[in-house]
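The chain contents come next:
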Amino acid sequence: MDKKNRLILALDVTDRENALRIANEVSDYVDSIKVGYPLVLGEGLGIVKELVEIAPVIADFKVADIPNTDRLICEHVFNAGAAGIITHGFTGRDSLDSCVKVANDFGTDVYVVTEMSHPGGVEFFRPVAEDIAKMAVEAGASGVVAPATRPERVKDIRKIIGEELSIISPGVGAQGGSAADVIRAGADWVIVGRSIYNSDSPAEAAKKICDEMNC
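Quick summary incoming for the structure in this document. (Residues numbered from 1 in each chain as written. Predicted model: local features only at pLDDT ≥ 70, side-chain atom pairs only at ≥ 80, totals over all residues. Heavy atoms only, no water.)

Looking only at helices and strands, the chain features 11 helices and eight strands. In terms of overall dimensions, the chain is globule-like: its C-alpha atoms have a radius of gyration of 16 Å, near the 17 Å expected for 215 residues. Looking at the chain as shown, the accessible area adds up to about 9400 Å², and 47% of this sits on carbon and sulfur atoms. A gap of 4 Å separates the mean positions of the 22 positive and 33 negative side-chain charges of the chain. (Helix = DSSP H or I, 4+ residues; strand = E, 2+ residues; numbered from the N terminus. Rg over C-alpha atoms; globule rule 2.2 N^0.38 Å. Areas by Shrake-Rupley, 256 points an atom, 1.4 Å probe, with all protein chains shown as cover. Lys, Arg positive; Asp, Glu negative; His and termini not counted. Charge placed at Lys NZ, Arg CZ, Asp CG, Glu CD.)

The packing of two helices is summarised by the inter-axis angle and the distance between the axes. Between helix α1 (residues 16-26) and helix α11 (residues 202-212), the least distance of the axes is 8 Å, while the angle of their chain directions is 45°. One way to sum up the angle between α1 and α11 is to call them oblique. At the point where α1 passes α11, the crossing takes the right-handed sense. Contacts between α1 and α11 pair I22, E25 and V26 from the former with P202, A203 and A206 from the latter. When the residues that make up the contact of α1 with α11 are grouped by side-chain class, the tally is five nonpolar, no polar and one charged. (Axes fitted to C-alpha atoms, helices over the stretch in contact; angles between N-to-C directions. Parallel < 35°, antiparallel > 145°, perpendicular 65-115°, else oblique. Left-handed = near helix turned anticlockwise from the far one by under 90°. Contact = heavy atoms within 4.5 Å. Nonpolar A, V, L, I, M, F, W, Y, C, P; charged D, E, K, R; others polar.)

In this section: α1. Those residues of α1 lying buried are A19, L20, I22, A23 and V26. Here the buried residues of α1 occupy an arc of 165° about the axis, which is enough to place them on one side. Buried positions along α1 lie against β1 (7-10), β2 (32-36), α2 (37-43), α3 (46-51), α10 (194-197) and α11. (Buried < 20%, exposed > 50% of the residue type's maximum accessible area, 1.4 Å probe, protein only. Arc of directions from axis to C-beta.)

Below, the discussion takes up the side chain of S98. Here S98 lies in helix α5 (residues 93-106). Not counting residues up to four positions away in its chain, the partners in contact with S98 are P67, D70 and R71.

Our focus in this paragraph is the layout of surface pockets. Taken as a whole, the largest pocket encloses approximately 460 Å³ of empty space. The wall of the largest pocket is formed by 27 residues, among which D12, K34, D60, P170 and Q175 lie closest to the centre. (1 Å grid on protein atoms, 1.4 Å probe; cavity = no way out; pocket = protein on both sides within 12 Å on 5 of 7 lines; lining within 4 Å. Points joined across faces, edges and corners; volume = space filled by probe spheres on them.)

Picture the strands of a sheet paired through backbone hydrogen bonds; they go either parallel or antiparallel. With parallel pairing, eight strands are arranged side by side around a closed barrel as β1-β2-β3-β4-β5-β6-β7-β8. The mean inter-strand angle of the sheet, taken between neighbouring strand axes irrespective of direction, is 25°. In the sheet, strand β6 (residues 143-145) pairs with strand β7 (residues 166-170) via three bridges, with the strands oriented parallel. Among the inter-strand pairings, G143 is bridged to a residue of β7, identified as S166. The strands touched by helix α4 (residues 67-79) within the sheet are β3 (57-63), β4 (84-88) and β5 (109-113), with β4 carrying the most contacts at an inclination of about 155°. (Pairing = 2+ DSSP bridges.)

This part covers the pattern of salt bridges. Scanning all chains against the criterion turns up 17 salt bridges. For R16, the salt bridge is made with E50, and the minimal N-O distance between the two is 2.8 Å. Of this pair, R16 sits in helix α1 while E50 sits in helix α3, and the two are 34 residues apart along the sequence. Of the residues examined, R16 reaches a relative accessible area of 39% and is grouped as partly exposed. With relative accessibility at 29%, the residue E50 sits in the partly exposed group. Between R153 and E115 there is a salt bridge, and its shortest N-O distance comes to 2.9 Å. Here R153 is found in helix α8 (residues 151-161), whereas its partner E115 is found in the loop between β5 and α6 (121-125), with 38 residues between them in sequence. (Salt bridge = Lys/Arg side-chain N within 4 Å of Asp/Glu carboxyl O.)

Another aspect to go through is the packing of aromatic side chains. In total, this model carries three aromatic pairs according to the counting rule given. Residues F90 and F125 carry aromatic rings whose centres are separated by 6.5 Å and whose planes lie at 65° to one another, so their mutual orientation is edge-to-face. Of this pair, F90 sits in the loop between β4 and α5 while F125 is found in helix α6, placing the two residues 35 residues apart along the sequence. Given the relative accessible area of 12%, F125 is considered buried. Stacked on the ring of W189, the Lys or Arg K3 has its end atom at 5.8 Å from the ring centre. (Phe/Tyr/Trp six-rings, centres within 6.5 Å; stacked < 30°, edge-to-face > 60°. Lys NZ or Arg CZ within 6 Å of the ring centre and 35° of its normal.)

A separate point is unusual backbone geometry. If you check the backbone angles, R6 has positive phi at about 65° while not being a glycine. By the element assignment, R6 lies in the segment before β1. Backbone geometry places K62, a non-glycine residue, at a positive phi of 40°. As for its position among the elements, K62 is in strand β3. Using a relative accessible area of 29% as the deciding quantity, one classes K62 as partly exposed.

Here you go:
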C-alpha cells in the first residue's frame, strides 16, 4: 500500500449505495478502504470487487479460527480482490502462518491485531499484545494493528517490530484518538470511520484529517 495520504477509511456502513458514494467522495484523500462485517453481511463479498475499482481494500474480518478455516476465509477475500486482511493473533502461530501463506500466494497483506482501540481492548489484549507483535514479525506478516486511542502503546509496539512491519491504527475521531499524535508515535496509517462517513461532507472530513497529519 502506497503511503500517500496515510489515511484508511473504515467504511462501516451497511448498504451498497452509501458505500460507493462515500468511497468515491473521499478517494482523493485515502490510501485504502477498510471493510468489515457490517457492509459485507449487508451486501455480500461482491461489494469488495466494486470498491477495489476506487481504492485498495483491506478486509477487516479479524480472522480467528483454526488454520484450515483461516485459509478458506483468506482465499475468498483475496479472490474477491482485497489487497489485505486483518487477523487476530491469539489463535496461535499456526493459524497466523496459514493466513500469511495465502497472502504470499496472492501477493497481498496480512495485518495482525495487537491491541484493540476501545476501552475493553486493554482487559485481555494488554498482557499478550507485545508477544503477538513479536509473532507477527516472526511469521512474516505485513503489519500490525495498534490503537490510536493509546499512542504510548503504538510506541511500545513500534519498538518491538522495528521498521520491518507497518502499523495501521484505528480509533481516530469518534473514539477520541488524534491522527497527528499517533503518527508521531510511530503509526504508518490512521484508520477513521464515523468521523468521515457520518459527516455531511465526507471529503472535507477526510481532508481535515489529512491536513492534521500534514499530508
